[in-house]
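Residue-level structural notes
The residues making up each chain are set out below.
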Amino acid sequence: MNLLLLTNKAVYPVDDGHSFAMSQMISGLCMAGVGVDVLSMNTNKHPKPCSADASELPKGCSYETIPVFSKPNGLTALINIFSKQSYFVSRFKSQNFYQAILSKLKHKRYDVIQFEGVFVSLYLQKLKPFTVAPCVLRTHNIEYKLWNDRIAFMPWGLKRWYLKLQTNRLQKFEMQQWLQSDAIIPISPEDQEFINVALNSPKPVKYIPVGLNIQTSEMHAKRDLLFIGSMDWKPNYLGIKWFFKHVWPSLLENRPDLTLTLVGRGAHTLFNNIPQVYCLDFIPKLAKVYAEHRLVIIPVFFGGGVRIKFLEAMANGKAVITTPLGATGISNNASGAFLLADTPSEFCQQIIKVLEDGMLKSQLEKNAERLIEQNYNNSQWGKELALYYLKLKV
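Reading guide: rules and limits
- Residues numbered from 1 in each chain as written.
- Predicted model: local features only at pLDDT ≥ 70, side-chain atom pairs only at ≥ 80, totals over all residues.
- Heavy atoms only, no water.
- Helix = DSSP H or I, 4+ residues; strand = E, 2+ residues; numbered from the N terminus.
- Buried < 20%, exposed > 50% of the residue type's maximum accessible area, 1.4 Å probe, protein only.
- Pairing = 2+ DSSP bridges.
- Right-handed = clockwise from strand over helix to strand, strands pointing away.
- Expected span 1.5 Å × (residues − 1).
- Contact = heavy atoms within 4.5 Å.
- Salt bridge = Lys/Arg side-chain N within 4 Å of Asp/Glu carboxyl O.

**Re the environment of Lys391**
Within the fold, Lys391 resides in helix α16 (residues 378-391). For the pair Lys391 and Gln363, spaced 28 residues apart in sequence, the C-alpha separation works out to 41 Å.

In structure tokens, the structure reads:
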């Protein structure tokens, strides 16, 4: 089976949750014997090397990127007011990228075309005359819901009005793309249920979670807390900002020697001056960073889909403390695999409890590994997706 994967962000090197979810899916499909050709936009907002290191590509995968200018600017944002399409979507229009897709379709027969997210799906309808392959939309989130959540935190004003206008257009576009695709692959059961209810149609909607491989280390953890997440992803930024304001001072009163490592794009610029916080913008291989730390925190209070870094932390055998929203989309039989906290006092109590109770920490780590192995095994879900595609009819 040959699959063409279209993405609106470059996949390699893997440096955030979005690229991690894409790379894991590619790896799982290749392990199942699927040939995967990846065609990615390499945007000026999130630029990456134009080619991938050979060690990153699984056997059976080819990778190509096309430069695309997608960074928002005031003039194009203003002009967009007079159009009907959401600016969130129109930023990804590129004739060069479209021609690159047509070239792929001309030179190779594909059994499935997978659109990685709603933004790249703007090419879906234009491509249907050139292929008989099913056009599948894989959704990491319900994008318009994310924007509505973000807007709810904003003060009233012109910016809020503009973003609400664009979000309403995005909602219309997103639901239209659900209808136009031949199948939808959400990565969380909550998103699967939401889409099914919204469509109220026999459209195939198949939940396939992000698959992972267990990567535990025998290295002795010498550092305390770890947070991993790009700061240009608003739920990450607002969550860790809340943590530093409401939780960190109290923790240092109780544990003056406590340290926290913050890893993610923009971390050094935004939070480098906070006491006993060490900021790193990018680390290509995170396994060693996970192994060096005792506990992972994920304080997020809005957003949808699945916290990819949450799953990655558990796959690395780490104890995790997150909010109830942060645990959204995680398997229902996850009891004992992580701890929840929703207020400053709860975060303080849970963190101190794990750091001071070695048996609790060890049990959380074992349960986390078991959860990943039983519910998110990458090889298993790669085969499941490949089998689903074999049966899929247009």
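Structure's up, so let's keep going.
**Digging into the pairing of strand β1 (residues 2-7)**
Among the six residues that make up β1, five are buried, leaving the element largely enclosed by the rest of the structure. In terms of strand pairing, β1 meets strand β2 (residues 35-43) through six bridges, oriented parallel. Its bridge partner lying in β2, Leu6 is registered against Leu39. In the classification by handedness, the crossover that spans β1, the intervening helix α1 (residues 17-31) and the parallel β2 is right-handed.

**Topic: helix α4 (residues 95-107)**
Under the 1.5 Å per step criterion, the end-to-end length of α4 is 19 Å for 13 residues, consistent within 8% with the ideal 18 Å. The complete set of buried residues in α4 reads Phe97, Tyr98, Ala100, Ile101, Leu102, Lys104 and Leu105. Against the buried residues of α4 lie β1, β2, β3 (61-68), β4 (112-116) and α5 (124-127).

**Focus: the pattern of salt bridges**
Inspection of every chain in the model, using the stated rule, returns 17 salt bridges. In this structure, Asp16 engages Lys9 in a salt bridge whose closest nitrogen and oxygen atoms are separated by 3.0 Å. Put simply, Lys309 and Glu312 hold a salt bridge, and the shortest N to O gap is 3.0 Å. Taken together, the residues span about one helical turn, with Lys309 and Glu312 both in helix α13 (residues 308-315) at a distance of three residues. For the pair Lys309 and Glu312, one class covers both residues: buried. One connected set of salt bridges, linked through shared partners, spans Lys9, Asp15, Asp16, Lys48, Asp232 and Arg265.

**Some remarks on helix α14 (residues 344-356)**
Relative to the 18 Å expected for 13 residues at 1.5 Å per residue, α14 spans 18 Å between its end C-alpha atoms, a close match to the ideal helical length. Every buried residue belonging to α14 is among Phe347, Cys348, Gln350, Ile351, Ile352, Val354 and Leu355, and all of these are buried.

**Things to note about unusual backbone geometry**
Cis geometry marks the peptide bond from Tyr12 to Pro13, where omega comes out at -5 degrees. Mapped onto the secondary structure, Pro13 falls in the loop between β1 and α1. Backbone geometry places Asn200, a non-glycine residue, at a positive phi of 50 degrees. Of note, Asn200 is situated in the loop between α8 (189-199) and β7 (223-228). The exposed category is assigned to Asn200, whose relative accessible area is 70%. Even without glycine at this site, Gln276 takes up a positive phi of about 60 degrees. Looking at the element boundaries, Gln276 is found in the loop between α11 (267-271) and β9 (277-280).

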